[in-house]
Amino acid sequence: MRPFEYYSPRTLSEACNLLAEGEPDSKILAGGTDVLVEMRKSSAWSSKAIVDITRIPSLRGIGESGDWIIIKPLTTHTEVLHSDLVRTHAPLLQTAVSTIGSPQIRNRGTVGGNIMNAAACADTVPPLIALDAEIMLKSTSGERVIALSEFFVKPYVTVARRDEILVEVRFPKLPANARSSFVKLGRRNALSIARLSVAAVVCKDEAGVVTDARIVPGAAFPRWQRVPEAEKLLIGQKPSKELLVEGGKKVSEVMISFTGRRWSTEYKEPVIAVLVRRALEACE
Amino acid sequence: MVGKHKIIGKPERRVDAWGKVTGKAKYAEDYTVGHQLWGKVLRSKYPHAKILSIDTSKASELLGVEAVLTAREIPGSNVFGIVVKNQQILADERVRFLGDGVALVAAKSKEIADHALALIDVQYELLPVVSDPEEALRPGAPLIHGDTNEFVHHKVRKGDVAKGFAEADFTIERKFKTQFVEHAYIEPEAVLAEPAEQGGVKITGSVQNLFSSRRSVAEALGISLNRVQIIQSTLGGSFGGKDEVMTSMCCRAALLAGRTGKPVKMVNTREESMLESYKRHPYVLYYKWGAKKDGTITAMEIRVVADGGAYASMSPFVTWRSVVQATGPYYCENVKTDVYAAYTNNNYTGAMRGFGSPQVDFAIESMMDELAEAVGVTPLEIRMKNGFEGGAVTATGQKLAHTVSLKEVLSKAAQELGFEEKWRRYRDAKAVAKRRGVGLACSYRGVSLGAEGVDAAQTTVSVQTDGSVIVSSGVTDMGQGAQTQMAQITAEVLGISVDRIQFLNTNTSGVADSGPTVASRGTVMGGLAAKNAAEKVRATLLEVGSELTGTPVDALDLADNYLVNERTNERLASFGELTAACFNKGRPMIGLGWHKAPRTSWHEEEGKGDAYFTFVYGANAAEVEVDTETGRVNVIDFVSVHDVGKAINRAMVTGQMCGGVAMGLGYGLLEEFEIEAGIPKQLNFDEYLIPTSMDVPRIKTVIVENEDPAGPFGAKSVGEPTNELAAPAIVNAIYNATGKRVYEIPANLERVFLGHKLTRHDKRGSEQKNAFDAVMVESCKVRGGSE
Ligand SMILES: Cc1cc2nc3c(=O)[nH]c(=O)nc-3n(C[C@H](O)[C@H](O)[C@H](O)COP(=O)(O)OP(=O)(O)OC[C@H]3O[C@@H](n4cnc5c(N)ncnc54)[C@H](O)[C@@H]3O)c2cc1C
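The sections below set out a description of the structure shown in this document. This is a predicted model, so every value here is computed, not measured.

**Here we look at helix α12 (residues 406–417) of chain B**
All names here are of chain B.
(1) Moving on: With 12 residues, α12 ought to run about 16 Å at 1.5 Å a step, and its terminal C-alpha atoms sit 17 Å apart, in line with that.
(2) Moving on: Turning to α12, the residues buried within the fold contact α11 (379–386), α13 (419–428), β18 (434–446), β26 (615–627), β27 (632–643) and β30 (699–704).
(3) Moving on: Looking at the residues trailing α12, positive phi occurs at Gly418, about 70°.

If you want it as structure tokens, here you go:
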């Protein structure tokens, strides 16, 4: 491990200043469950300074504002897991965080870190995109709000500048007629990175006709996104078993249209279709 | 001494428990002394290359660097190896796998040492790489040592297979494959080497087989054995894994200590450990059985190729156990088994819990289920039909003279799980996405080293004047509980409570060379030596007791920390009073215990012999749920039954059984150390997946006790047999659930779903260019990657 400077700002503006004017090659530290892993690998680690944001109180907590739920970036996965607000208004997010790592990782790892690290298997991202989440970034040059679905470029790359801090994640509460789910396939029952995952939200009217459908696969597409081609199949329909199977197949098709046939397609093609179907079934 | 045991068989608290749970136990890395330097190894950049030159001048000039060593500066022998001496402490002319060491640095800090490594300039000329053992045996393959890569060919011959196949109604011919497996001990390799006051060196470390490591250190330094002292620190696991890799670390640290005159500490990171350490052998197994319609097996023809990796290590012994056990505990008059080991540019392979049995057991037990299906009986029925009974003659021609409890363990395992009923029900269940299945596997296993080599051990019992006792042994404790087991045996013989015993960690200068602590021989060998030692002390104590009380010796006993009159149960003196009297009379209160194993024999050319002095029997039954739409397997119930002869400590036996199953589950479902063109892909536990507590089901353990005179109080082995059956039981259960058989383990998502492994076809791994850096960078990028 190479030597580095360590800063521990107590306010957001102090942190923004440090990032804007301090060491240009610096790294924000939240729970550290990604950063510390990287640091050990000297060949992949070049940062010269750490800006530890964990002592900035305004970056913690879960709240609501009208029809919106607001999650501050330092909120840990465990806190999300125990939040009544999330349970009521975004249960799929709770399911997703319950599958992250182990209790120790959930106690340290944060929602902000999960998003900003931008790994293809980040488990909070598919549900947050399905929730139509937006995020707020802040720097000395001001604040900007971006739809989460527009935020990622490719794995480990986002549109955020290095001097920007994620200060807020927010999404509209799910409507009362919405059902949601998160399905994750890993290789073991804990400490398991998603091999594939799917977040789904389905709203129906009283007659059982789908009025809104959102499907977001994880670890499948080159970047996260909803799959409108599959969502459209459902809207205006009363879902039958066959329809859900078809929805799954559509996602699989779209996936291949993006990734092409690769060495892992033989497995992913049928299995993503199954997971989508299961996620949709769980919304029934 | 007759009648009920007071301590044997009880779940006595482990003698090492207190230190471990309070954090007082000192593991190798916890040893720190003044002026200590840090030693680091520069490893190869390529899996196979000629070393053209090594320039250490820049590294030597770095402030804080106290020594830089290459093969040239080794005063004694650079080569070591227990069976074949072909492993080097530092590669001199050639590197043969990515874990080979090329140069050593000792510096004032780890960071300086790391920096110095980067300043060493090594020029290589690349050589062609061979990474597949079957390819390695073909003509024209790159040669790793000498003029052939085939360095082992063991045979077993019995009857006439041609005749056997002619008698058969049908044959079953299958190919199986197993993978490299990492031991995954929680404590990576570590040692502290200190120049000793009277010359020589003192090493404290996480070493499994102290005596073989000591021999190599002495030879490397060019000094006699008595000047090298190796003391075992509390071990954070080994599973067979801290042998050669620790020998080379001991040698390296000792060389650096010798050169600098200062203590040198070396500690591997997890990545270094995974890169350098040896693994369990991958096998390719070709099984051909001939059978009659009633399920009688008329012939078995078996050919196995083991990947030995870059060095011989324990391969000759590991594969010998495979050849002896390759037919399983089943009657067959005509057997032809050939087991080969080949050198490749992969991690070398050596001892790991199971030692050549997990691979063959996977094949045998899969074959057994196929045979059952072919003749239309249940897996239990086919095993009951073909399984050994008392007096059976094995494939190697050995007549089994002990209690052969195969059918007892099998039926217990089946009964505990409700196997027969479930097996039928699941087989006939309708095809839903998530399906249940049950599977069975059993084995017999030779105890201790067998005809592999010299088999003897020492334990010393030293009674103090206050009635406390010190025990030390050449058999080492790696967490498996050897010390507790020997303490219990000592306490039983001396009629004292276990808390009076202090157990010393093994010190090569304090006990006689007792061979390696491997092959599940700790209890049989160390335990009998402890019994022998304690009996000697007991005899002295009783004599003194007789002199003291006027009671004849044969009326005396030692019980509950007292000298007692055996007939009246009267307490005549406390154990402490007795030992004080013994001291005052100038009588020896130390017992030197020795045990040499009974005779075994082996005829390498004829492929026959009395391979082991006794055997143990075990059976496992697994219940799984298979998600047939994703290939995901969950083990939901498990039964493990082992005949251990006698459980010296029931809690520890149960611990071994559960741990063995957990490890076997990883072997069957998850674990795979992948090497492509000599380049390993997983160097840490983010990618090398072992089971978590959430993956291990309830395990019902059944201890069967058919006491065997070959072991102390009838005890035999438990460590390794518990680890060899989970994988085949699980794979058989998957078949019961899905009707599809997995012929290659681990049965991971892709193999279960697709029936084969997914392999990446891109360049990674196939190019040698700076393979070492590539693997280090890749291993951090891939975590969380999108493949
Ligand atoms: C053993 C283990 C298991 C894991 N299992 C899972 C799993 O199952 N699923 C999963 O999704 N992840 C998993 N992870 C990854 C990790 O725990 C999560 O991504 C976690 O949410 C990261 O949060 P953190 O607070 O620890 O981030 P950190 O490591 O502190 O930071 C991660 C990245 O985000 C940046 N960052 C953090 N906060 C901000 C901010 N407010 N503004 C701007 N940039 C910021 C950092 O600079 C860094 O680049 C696992 C990690 C480990 C070590």
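On we go from here.
**Describing the site of the ligand**
(1) Moving on: Around the ligand sit 33 residues in total, of which Ile28, Gly31, Gly32, Thr33 and Thr110 of chain A are the nearest.
(2) Moving on: Among the chains of the assembly, those with residues near the ligand are chains A and B.
(3) Moving on: Within the side chain of His77 of chain A, one N or O atom sits 2.7 Å away from an oxygen atom of the ligand.
(4) Moving on: Between a nitrogen atom of the ligand and a side-chain N or O atom of Asp123 of chain A, the distance comes to 2.7 Å.

**Structural notes on unusual backbone geometry**
(1) Moving on: In this structure, Pro746 of chain B follows Ile745 of chain B across a cis peptide bond, with omega equal to 5°.
(2) Moving on: Tracing the backbone through its elements, the reader meets Pro746 of chain B in the loop between α18 (726–738) and α19 (749–754).
(3) Moving on: One non-glycine residue, Asp132 of chain A, lies in positive phi territory at about 60°.
(4) Moving on: Along the chain, Asp132 of chain A falls in the loop between α8 (125–130) and β6 (134–139).
(5) Moving on: The backbone of Ala519 of chain B sits at a positive phi, close to 60°, despite the residue not being glycine.
(6) Moving on: Topologically, Ala519 of chain B is positioned in the loop between β21 (501–503) and α15 (522–549).

**Observations concerning the environment of Gln480 of chain B**
All names here are of chain B.
(1) Moving on: Turning to its location among the elements, Gln480 is positioned in the loop between β20 (469–473) and α14 (482–494).
(2) Moving on: Each C-alpha atom, one on Gln480 and one on Ser546, is 39 Å from the other, the two residues being 66 residues apart in sequence.
(3) Moving on: Residues in contact with Gln480, not counting those within four places in the same chain, are Arg14, Thr517, Met652 and Gln656.
(4) Moving on: A distance of 3.1 Å separates a polar atom in the side chain of Gln480 from the backbone oxygen of Thr476.
(5) Moving on: A polar side-chain atom of Gln480 sits 2.5 Å from the main-chain amide nitrogen of Met478.

About the cut-offs
- Residues numbered from 1 in each chain as written.
- Chains lettered and ligands numbered in written order.
- Predicted model: local features only at pLDDT ≥ 70, side-chain atom pairs only at ≥ 80, totals over all residues.
- Heavy atoms only, no water.
- Helix = DSSP H or I, 4+ residues; strand = E, 2+ residues; numbered from the N terminus.
- Expected span 1.5 Å × (residues − 1).
- Contact = heavy atoms within 4.5 Å.
- Near = heavy atom within 4 Å.
- Polar contact = N/O pair within 3.5 Å; in protein donor to acceptor, adjacent residues only side chain to side chain.

The quantities given are spatial measurements derived from coordinates; they are silent on function.
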